[in-house]
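Structural characterization, general
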Amino acid sequence: MKSSKLVVANHKMNMTSIDINQYLKKIKKEINVENVIICPTSIYIPYFLKHNFKVGIQNVFYENKGAYTGEISPRQAKSMEIDYAIVGHSERRNYFLETNQEINKKVRLCLKNNLKVILCIGETKEEKRNRKTEEVLEKEIIENLEGVKNFKDIIIAYEPIWAIGSKKTPTMKEIDISIRFIKQIMRKHYHVDNIQVIYGGSVSEENVQEIATIPTLDGVLVGGASIKEEFINIAKTILKADKNEQNSTNIPKTR
Ligand code: PGA
C-alpha cells in the first residue's frame, strides 16, 4: 500500500515565545496538520498542541523516570499527547556524544511508550568521500534497531551530516539511491517492506520541487527553513506531490 508523505519541522533551539506566536499565526491556516509534524523546542510544545498540530519531541532520555536533571522521558512525552520523537539526530550524536547503543535504548523505550520514532541516520563528508555511505547506513540501522520487533512506528530520516545546515544536498539520484538502499536493508534484515524513509539536509523553497520528484521519497525533515515562512511552500509542495502520485498510480515516474 502506498504510504502518504510526511513533512517534519525540526525547530532545534530556535525562536522565543513571541516568535512562536507570530509563527503560529502565519502557518496555522496554511498547513495541513494531518501530514505535518512540528518538533519545537520542548517548552513550546503546548502552543502547538493547542492548535491541533501533530507534535514531535526533538530528543528523549532512555529511562522513563528518575534523577536525570534536564531530561524528558518517552513516558512523560506521551503523557503530553506528543506522538513522535526524533531520535539519533546528528547534532545529538556529535555535540552530546550519543552512541548507537544509547540511541537504541531510546528507540526501544519510545516504542514501548507508543511514541513513533523518527530515527536519523547519515554519513559524514569524509565517509561519503571514502564511499562508505552504505556501510555507515547499514551499521546505524542494525545497531540503532537492535531488538526491535515491530517496525510500524519507525520512520527513518536519511540525513547526510554534511548536508545539514550547509545549503548543500546530494544529487537527487544520490538521495534516491540511499533511500532505496535503506529500504532494501529493512527488507533484508527485518522483512519489512513498507518502512517510510524521509530526507533531511538543507531542504528549502529552492530545492523542494526537485526533491519532491525523487521516486522513493516518503517525505522530508526540514530544519533551518522550517522556522521561516517558506516552510508553508515546502510542506505544500511535498504534500501536493503525494496527491499527484496517488492520482496517477500506474504511470511510471521519470527521473
Ligand atoms: P537543515 O536541518 O534543514 O537546517 O539542514 C535538517 C536537520 O537537522 O534535521
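These notes cover the structure that comes with them. (Residues numbered from 1 in each chain as written. Predicted model: local features only at pLDDT ≥ 70, side-chain atom pairs only at ≥ 80, totals over all residues. Heavy atoms only, no water.)

Looking now at the sheet that holds strand 6 (residues 154–158). With parallel pairing, the 8 strands of this closed barrel are ordered in space as 1-2-3-4-5-6-7-8. In this sheet, adjacent strand axes meet at a mean angle of 25° when their direction is disregarded. As paired strands, strand 7 (residues 196–200) and strand 8 (residues 219–222) are joined by 2 bridges and run parallel to one another. Residue pairing for strand 8: Y199 is matched across the bridge by V220. (Pairing = 2+ DSSP bridges. Helix = DSSP H or I, 4+ residues; strand = E, 2+ residues; numbered from the N terminus. Axes fitted to C-alpha atoms, helices over the stretch in contact; angles between N-to-C directions.)

As a further point, take the packing of aromatic side chains. Under the defined criterion, the tally for this structure stands at 7 aromatic pairs. Seen from their ring centres, Y44 and Y47 are 5.8 Å apart, and the 85° between their planes marks the pair as edge-to-face. Classification of Y44 by relative accessible area gives buried; the value is 12%. Looking at Y47, the relative accessible area reads 28%, which means it is partly exposed. The interplanar angle of 40° and the centroid separation of 4.7 Å between the aromatic rings of F151 and Y190 together place this pair among those described as tilted. (Phe/Tyr/Trp six-rings, centres within 6.5 Å; stacked < 30°, edge-to-face > 60°. Buried < 20%, exposed > 50% of the residue type's maximum accessible area, 1.4 Å probe, protein only.)

Turning our eyes to something else, we now look at empty space enclosed by the protein. Counted under the stated rule, the structure contains 1 cavity of 30 Å³ or more. In terms of lining residues, the largest cavity is bounded by G88, S90, R93, C120, I121, G122, E140, E159, I161 and I164. When residues of the lining of the largest cavity are traced back to their parent elements, those giving at least two are helix 4 (90–95) and strand 5 (116–121). Broken down by class, the residue content of the lining of the largest cavity amounts to 4 nonpolar, 3 polar and 3 charged. (1 Å grid on protein atoms, 1.4 Å probe; cavity = no way out; pocket = protein on both sides within 12 Å on 5 of 7 lines; lining within 4 Å. Points joined across faces, edges and corners; volume = space filled by probe spheres on them. Nonpolar A, V, L, I, M, F, W, Y, C, P; charged D, E, K, R; others polar.)

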